[in-house]
Amino acid sequence: MKVGVIGAGAAGLAAAYELGLHGHACDVFEAAPFLGGQASTFEVGGTPVERGYHHLFRSDTAMVQLMEELGIGDRLKWIDSNVGYFAEGRVWRFTGPFDLLRFRPLSPLDRVRLGLLTLSLQRRKEWRSLERWTAAEWLLEHAGESIYRAVFEPMLRGKFGAYYGQVSMAWLWNKFALRTASRGKGLRGRFKEQLGYPVGSFEEIFTVLAERVESLGGAVHLGAGVRRVVVEEGRAAGLEVQLGGEAETRSYDAVLATVPSYVLPRLVDGLPDDYTEMLTDKVYLSAVLIVMVLERPLSPHYWMYVGDRSMPFLGVIEHTNFMPAEHYGGGHVVYLTNYLDRDDRLYKMDAAELYAEYLPHLRRINPAFDESWVREYHHHKVDAAQPIVTRGYSERIPAHRTPIPGLYLANTTQIYPEDRGTNYSVRMGRQVARLMMEDGAG
Ligand SMILES: Cc1cc2nc3c(=O)[nH]c(=O)nc-3n(C[C@H](O)[C@H](O)[C@H](O)COP(=O)(O)OP(=O)(O)OC[C@H]3O[C@@H](n4cnc5c(N)ncnc54)[C@H](O)[C@@H]3O)c2cc1C
């Protein structure tokens, strides 16, 4: 088969690699001038770092295996995670189970109840029945009002904004299951979560993967936006691509799109209404980030949830409490993150406006903070970053095989019940490649 792939993020590159391994050459077309999609990088102090914070969990076995296959397994470092929670005007350490016992925003009884609830969700294997509930409904019933309002509501609001009340409990359950799987073995592992990071950043993975796709007979084109999927006699037959200022049409035996769901109907005519409806009824939030490079650390934590909604951002991720500042010319890299609707006031702000909005709040995290610490700051927006997973979601996931023969879709709305992540895009890309080969052979 000769396959055209739209998108050089984790899913598109992994699919092209899998197809290449089986002798099917792929042309990958990426609209952006860089690889990696949502996990792409920019430079701080001459070193690439992700536009939006990234790490791996111990449970991310598809990515770990891919790195091994690519010969860069030794570039993955596992580092103790270090979590804080900002509430009631101060930062609470939230790394191990004993930290919960010191979390004063909850009464002593509620701390114990929250500990037991966490344990039972971590151990739970069955999730289908949880799909019937929104997380808010389930938690109000099973955790009670005070725990829900102090801990979960601010987290859900922070991550899903106006949609926080619609998120399925199955989504939240998966977060607990994931964090358990990310704990190591033995007594130490039981209490200590470890997170993985590729030294050299995620860019290194995508660069080596793209090289491998090319060495297997494929090609990866950057700055090459696909304008249309060509359909002939009811079958996907090619792509119309903008290549170096010229529009070109290329013929393919099959096409894989890794674009967000709402983009696909714009690229292809003739999708039936029910499939189009499944694509367009999905709501995505955009990730909006201010990335500051500081002279000094802001906090001792890598990951800080912000549970106080009077703060204008939902999380503070201090990457250099994970990978040391020496990698970045001595700069301390701090992400201030939000997930927003595109009509949100904060989404519409430019870099200077958003930075000015956030700045006064940093003293609440570290009273010594001073603007003179800021060497530089950057503003990144990642659209279609977080699909909203609502009640009964599993019934509304569009199939990878679209109704147009020869046209396939692999994007983050099809990852479920797990939350989207590079690991799952790699797994899905490789799975869809196998589907395409099965169909091609048939
Ligand atoms: C702020 C943030 C933090 C995250 N943190 C983590 C983390 O810690 N760990 C983790 O594993 N994951 C994390 N993720 C999620 C992870 O980055 C994504 O799930 C994953 O990268 C998605 O890969 P993908 O290939 O499915 O999609 P994408 O990366 O979105 O790739 C799709 C590609 O298609 C291209 N495209 C779209 N339209 C066209 C067109 N017409 N023609 C050509 N190309 C087109 C896009 O430019 C894009 O490059 C995070 C995401 C964000 C936004």
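Residues numbered from 1 in each chain as written. Predicted model: local features only at pLDDT ≥ 70, side-chain atom pairs only at ≥ 80, totals over all residues. Heavy atoms only, no water.

Observations regarding the overall build of the chain
The criterion, for reference: Runs of E in the DSSP output that reach at least two residues are strands. Runs of H or I that reach at least four are helices, and both are numbered from the N terminus. Here the radius of gyration uses the C-alpha set of atoms, whereas the globule reference equals 2.2 Å times the residue count to the power 0.38. Relative accessible area decides the class of each residue, using a 1.4 Å probe on protein chains only: under 20% of the type maximum gives buried, over 50% gives exposed, and in between gives partly exposed. Throughout, a residue-residue contact means that at least one pair of heavy atoms, one from each residue, lies within 4.5 Å.
Looking only at helices and strands, the chain features 15 helices and 20 strands. In terms of overall dimensions, the chain is globule-like: its C-alpha atoms have a radius of gyration of 22 Å, near the 22 Å expected for 442 residues. Here the chain, with 442 residues, has 59% of them falling under the buried criterion. When contacts within the chain are restricted to residue pairs at least 6 apart in sequence, those whose partners lie at least 24 apart make up 69%.

Notes on the sheet that holds strand β5 (residues 56-57)
Rules: Pairing between strands requires that DSSP locate at least two bridges from one strand to the other. Axis geometry follows a simple rule: fit a line to the C-alpha atoms, using only the stretch in contact for helices, then measure angles between N-to-C directions, giving values from 0 to 180 degrees.
Spatially, three strands are ordered β5-β9-β6 in an open sheet, and the strand pairing comes out antiparallel. With one partner strand each, in any of the chains shown, β5 and β6 (76-80) form the two edges of the open sheet. Packing against the sheet, helix α9 (residues 201-215) makes contact with β5 and β9 (194-198), and its axis sits at approximately 55 degrees to β9.

Let's talk about the packing of helix α2 (residues 61-69) against helix α15 (residues 422-441)
Stated precisely, the cut-off is as follows: Note that the term roughly parallel is reserved for angles under 35 degrees, roughly antiparallel for angles over 145, roughly perpendicular for angles of 65 to 115, and oblique for everything else. Ten residue types, Ala, Val, Leu, Ile, Met, Phe, Trp, Tyr, Cys and Pro, are classed as nonpolar, four, Asp, Glu, Lys and Arg, as charged, and the remainder, Gly among them, as polar.
Contact geometry for α2 and α15: axes closest at 7 Å, N-to-C directions at 70 degrees. Overall, the two elements α2 and α15 adopt an arrangement that is roughly perpendicular. Across from Thr61, Ala62, Met63, Leu66 and Glu69 in α2, the residues of α15 making contact are Thr422, Asn423, Val426, Arg427 and Arg430. Looking at side-chain class alone, the contact of α2 with α15 contains four nonpolar, three polar and three charged residues.

Observations concerning the environment of Leu116
In this fold, Leu116 is placed in helix α4 (residues 108-123). Take Leu116: its relative accessible area is 54%, and that puts it in the exposed class. Linking Leu116 and Ala143, residues 27 residues apart in sequence, is a C-alpha distance of 9.7 Å.

A closer look at the pairing of strand β4 (residues 47-50)
The alternating pattern of β4 places Thr47 and Val49 and Pro48 and Glu50 on opposite faces, both of which are buried. What sits between strand β3 (residues 41-44) and β4 in their antiparallel hairpin is a turn of two residues, with Gly45 showing a positive phi close to 55 degrees.

Section: helix α5 (residues 135-142)
What counts, and what does not: Each C-beta atom gives one direction from the helix axis, and the arc is the one those directions make.
What α5 keeps buried is the set Ala135, Ala136, Trp138 and Leu139. Buried residues of α5 fall within an arc of 165 degrees about the axis and therefore sit on the same side. Gly144 sits one or two residues past α5 and shows a positive phi near 95 degrees.

Focus on the site of the ligand
Basically, it comes down to this: Any residue with a heavy atom positioned within 4 Å of a molecule or strand is treated as near that molecule or strand. Under this definition, polar contacts are N or O atom pairs within 3.5 Å; protein pairs additionally need one hydrogen-donor-capable and one acceptor-capable atom, and for neighbouring residues in sequence, both atoms have to be side-chain atoms.
Taken together, 30 residues sit near the ligand, with Glu30, Gln38, His54, His55 and Thr422 positioned nearest. Side-chain polar atom of His54 to an oxygen atom of the ligand: 2.7 Å apart, as the coordinates give it. Within the contact set of the ligand, a nitrogen atom lies 2.9 Å away from a backbone nitrogen or oxygen of Val226. Of all the secondary structure elements, the ones that give two or more residues to the shell around the ligand are α1 (10-21), β19 (374-387) and α15.

Thoughts on the packing of α1 against α9
Short version of the rule: Two helices crossing with the near one rotated counterclockwise from the far one by less than a right angle form a left-handed crossing, whereas a clockwise rotation gives a right-handed crossing.
Where α1 contacts α9, the two axes come as close as 9 Å, and the packing angle between them is 35 degrees. Between α1 and α9 lies a crossing whose hand is left-handed. Every residue of α9 that contacts α1 at Ala10, Leu13, Ala14, Ala16 and Tyr17 is listed here: Phe206, Leu209, Ala210, Arg212 and Val213. Of the residues contributing to the contact of α1 with α9, the split by class is nine nonpolar, no polar and one charged.

Some points on a nonpolar patch on the surface
Threshold: Patch construction takes residues with relative accessible area above 30% that form no salt bridge. Like charges are linked within 9 Å, and nonpolar side chains (Val, Leu, Ile, Met, Phe, Trp, Tyr) are linked within 5 Å. Accessible areas in this description were obtained via Shrake-Rupley with a 1.4 Å probe; residue shielding takes into account the shown protein chains only. When a carboxyl oxygen of Asp or Glu lies within 4 Å of a side-chain nitrogen of Lys or Arg, that pair is called a salt bridge.
On the surface, Phe98, Leu101, Val112, Leu116 and Leu119 cluster together to form a nonpolar patch covering roughly 480 Å² of accessible area. Within the residue set of the nonpolar patch, elements represented by two or more residues are α3 (97-101) and α4.

Re the domain arrangement of the chain
Where interface size is quoted, it is often the accessible area lost as the parts come together. Keep this limit in mind: Domain segmentation is taken from an automatic or database assignment of domains. By buried area we mean the combined loss of accessible area, with a 1.4 Å probe, across both parts when two parts are placed together.
Taken domain by domain, the chain holds domain 1 (2-76 + 199-281 + 397-441) and domain 2 (96-192). Relative to domain 2, the C-alpha centre of domain 1 lies at a distance of 33 Å. Across the contact, eight residues belong to domain 1 and 13 residues belong to domain 2. For the domain 1 and domain 2 pair, buried surface summed over both sides reaches about 970 Å², with 57% attributable to carbon and sulfur atoms. At the boundary of domain 1 and domain 2, one finds one salt bridge. With a closest N to O distance of 3.0 Å, Lys175 and Asp419 form a salt bridge. Across the domain 1-domain 2 interface, the total number found is four residue pairs in polar contact (both at pLDDT 80 or more). For the side of domain 1 that touches domain 2, a count of residues per class yields four nonpolar, one polar and three charged.

A word on the environment of Val151
Note on placement: Val151 falls in helix α6 (residues 145-160). With 198 residues separating them along the chain, Val151 and Met349 place their C-alpha atoms 29 Å apart. Beyond its immediate sequence surroundings of up to four residues, Val151 is in contact with Tyr85, Phe103, Leu106 and Leu114.

Digging into helix α13 (residues 351-358)
Listing the buried residues of α13 in full gives Leu354, Tyr355 and Tyr358. For α13, the buried positions fall inside an angular range of 100 degrees around the axis, keeping them on one side. Structurally, α13 contributes buried residues whose contacts are with β15 (284-294), β18 (332-340), α12 (345-348), α14 (362-365) and β19. Among the residues of α13, the N-terminal cap falls to Asp350, whose side-chain oxygen and the backbone nitrogen of Ala352 are separated by 3.2 Å.

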